[in-house]
Protein chains: 2
Amino acid sequence: MKEFAAPVERLAEHFQKLPGIGLKSAQRLAFTVVSMPPEQARDFADAILAASASVRRCTVCQNLTDGDVCPVCADPSRDTGLICVVSDPRDVAAIERTREYRGLYHVLHGVLSPLSHIGPDDLTIKALVERVGKTEVREIIMATNPDTEGEATAVYLSRLLRPFGVRITRLAYGIPVGAHLEFADEVTLSHALDGRQEMSI
Amino acid sequence: MKEFAAPVERLAEHFQKLPGIGLKSAQRLAFTVVSMPPEQARDFADAILAASASVRRCTVCQNLTDGDVCPVCADPSRDTGLICVVSDPRDVAAIERTREYRGLYHVLHGVLSPLSHIGPDDLTIKALVERVGKTEVREIIMATNPDTEGEATAVYLSRLLRPFGVRITRLAYGIPVGAHLEFADEVTLSHALDGRQEMSI
């Protein structure tokens, strides 16, 4: 005998496929859905269908959007000579929150990872190269995560894009604001030393 | 400007309503759904609709089921003279996993909690009393959680059911199997002492 009614089990299986959700949490979520008012459950199902059906990749920067072109690429006030390369749409959101950056993005949808069999063809690298070849780009900022794979992807891309004669930069490494030096790891600290800047008085 | 495409935001809001899922996790889950093959997302939405529409409470024990009567109550080999009162359908599953218990259940769908304004009328207590009055019950096992609210609910129910002259028992408190005495809390340990049993040699 199954532990729960078949529709609950089936829903729990779907929740369990999502990242970070184990068997127990999945069952708990399934029970929550069952206990919802029916119209709320219908709304939830609708939201899944709508997101799955209408969200696609921006034809310019590959960020997720429900139009042809994402709001950033469609904004005429953005600096089109600047492309910030990130691995994930959530990284775009993080940089947008700074309200500092006025250029465009390019979303790779992952990083190079030989161990997970993710190679250049699994990312949007071809689209990036075409884009840099076709448009007037002044600078490309590599904003992949500061971990091994993000670093390797940034190095790979900067080599690939060097022939275009574009300025290629990397986000600064250093001590995060508000952190305590005594808890900083050696690698971060040595990056912070290497990247030290003149104090402006 | 919204951080993400509107359908992603909307889906993330739905995920965020589920227990234990914060803003960041909700966004991550919404992106996972967007990246799913469309048929998998459709299946997920279907599972929500099916669970919400078809799952209701067993007319006998109030456990969740997709029929009129749950599999336990429908099983003619179960001992109908024994009712195990639990607060949640997941507790039924936990007890069923022991493969020890052959009686029926009664699911309260919560516990008495004055602080959260949950009184007797918010639980399935009326149905339990009717059931005990109508059927031949030999013993009722209070299997609510061993915390303050579960304990208070068990005490309340046992007083309410005493007039029926049924045997009312409580799950044994004690040291969990595999635990270390030195880490057991005083209350559990004193319950384990009080409930000590003869060694069978």
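Residues numbered from 1 in each chain as written. Chains lettered and ligands numbered in written order. Predicted model: local features only at pLDDT ≥ 70, side-chain atom pairs only at ≥ 80, totals over all residues. Heavy atoms only, no water.

A. Spatial organisation of the sheet that holds strand 6 (residues 167–170) of chain A. Residues and elements named next belong to chain A. One open sheet accounts for four strands, arranged 4-3-5-6; its pairing is parallel. At either end of the open sheet lies a strand with only one pairing partner, and these are strand 4 (103–107) and strand 6. In this sheet, adjacent strand axes meet at a mean angle of 25° when their direction is disregarded. Bridge count between strand 3 (residues 79–86) and strand 5 (residues 139–142): four bridges; the pairing is parallel. Looking at the pairing, Leu82 lines up with Glu139 of strand 5. (Pairing = 2+ DSSP bridges. Helix = DSSP H or I, 4+ residues; strand = E, 2+ residues; numbered from the N terminus. Axes fitted to C-alpha atoms, helices over the stretch in contact; angles between N-to-C directions.)

B. Examining the packing of aromatic side chains more closely. Evaluated as defined, the whole model comprises eight aromatic pairs over all chains. Look at Phe4(A) and Phe31(A): their rings are 4.9 Å apart centre to centre, the planes differ by 85°, and that puts the pair in the edge-to-face class. Here Phe4(A), found in the segment before helix 1 (6–16), pairs with Phe31(A), found in helix 2 (residues 23–35); they are 27 residues apart in sequence, far enough to count as distant. In terms of burial, Phe4(A) and Phe31(A) fall into one category: buried. Linked through ring pairs, Phe15(A), Phe44(A), Phe15(B) and Phe44(B) together constitute an aromatic cluster. (Phe/Tyr/Trp six-rings, centres within 6.5 Å; stacked < 30°, edge-to-face > 60°. Buried < 20%, exposed > 50% of the residue type's maximum accessible area, 1.4 Å probe, protein only.)

C. Structural context of the interface of chain B and chain A. In this assembly, 49 residues from chain B lie in contact with 49 residues from chain A. Between chain B and chain A lies a buried interface of about 4,500 Å² when both sides are counted; carbon and sulfur atoms form 74% of it. One can count zero salt bridges joining chain B with chain A. Scanning the region where chain B abuts chain A turns up two residue pairs in polar contact (both at pLDDT 80 or more). Elements supplying a minimum of two residues to the side of chain B that touches chain A: helix 1 (6–16), helix 2 (23–35), helix 3 (38–54), strand 2 (64–65), helix 4 (71–74) and helix 5 (89–97) of chain B. Partitioned by chemical class, the residues of the side of chain B that touches chain A number 31 nonpolar, six polar and twelve charged. (Contact = heavy atoms within 4.5 Å. Buried area = accessible area lost by both parts, 1.4 Å probe. Salt bridge = Lys/Arg side-chain N within 4 Å of Asp/Glu carboxyl O. Polar contact = N/O pair within 3.5 Å; in protein donor to acceptor, adjacent residues only side chain to side chain. Nonpolar A, V, L, I, M, F, W, Y, C, P; charged D, E, K, R; others polar.)

D. Representation of the relation of the copies chain B and chain A within the structure. Of the two same-sequence chains, chain B is brought onto chain A (RMSD 0.1 Å, axial shift 0.1 Å) by a rotation of 179°. Between the two chains, the operation in question is that of a two-fold axis. Taking the C-alpha atom as reference, chain B places Ala45(B) closest to the rotation axis, 2.2 Å from it. When the interface residues of chain B are mapped onto chain A, 100% of them again fall at the interface, so both copies present the same face. (Least-squares fit on C-alpha atoms with pLDDT ≥ 70 in both.)

E. Local environment of the sheet that holds strand 3 (residues 79–86) of chain B. Residue and element names in this part refer to chain B. The strand order across the open sheet built from four strands is 4-3-5-6, with neighbouring strands paired in parallel fashion. The open sheet terminates on both sides in strands that have one partner only, identified here as strand 4 (103–107) and strand 6 (167–170). Sheet twist, expressed as the mean angle between neighbouring strand axes with direction ignored, is 25°. With five bridges joining them, strand 3 and strand 4 adopt parallel strand pairing. Counted as the bridge partner of Val85 is His106 from strand 4. Set on the sheet, helix 5 makes contact with strand 3 and strand 4; between it and strand 4 the angle comes to about 160°.

Honestly, it's all geometry; don't read function into it.
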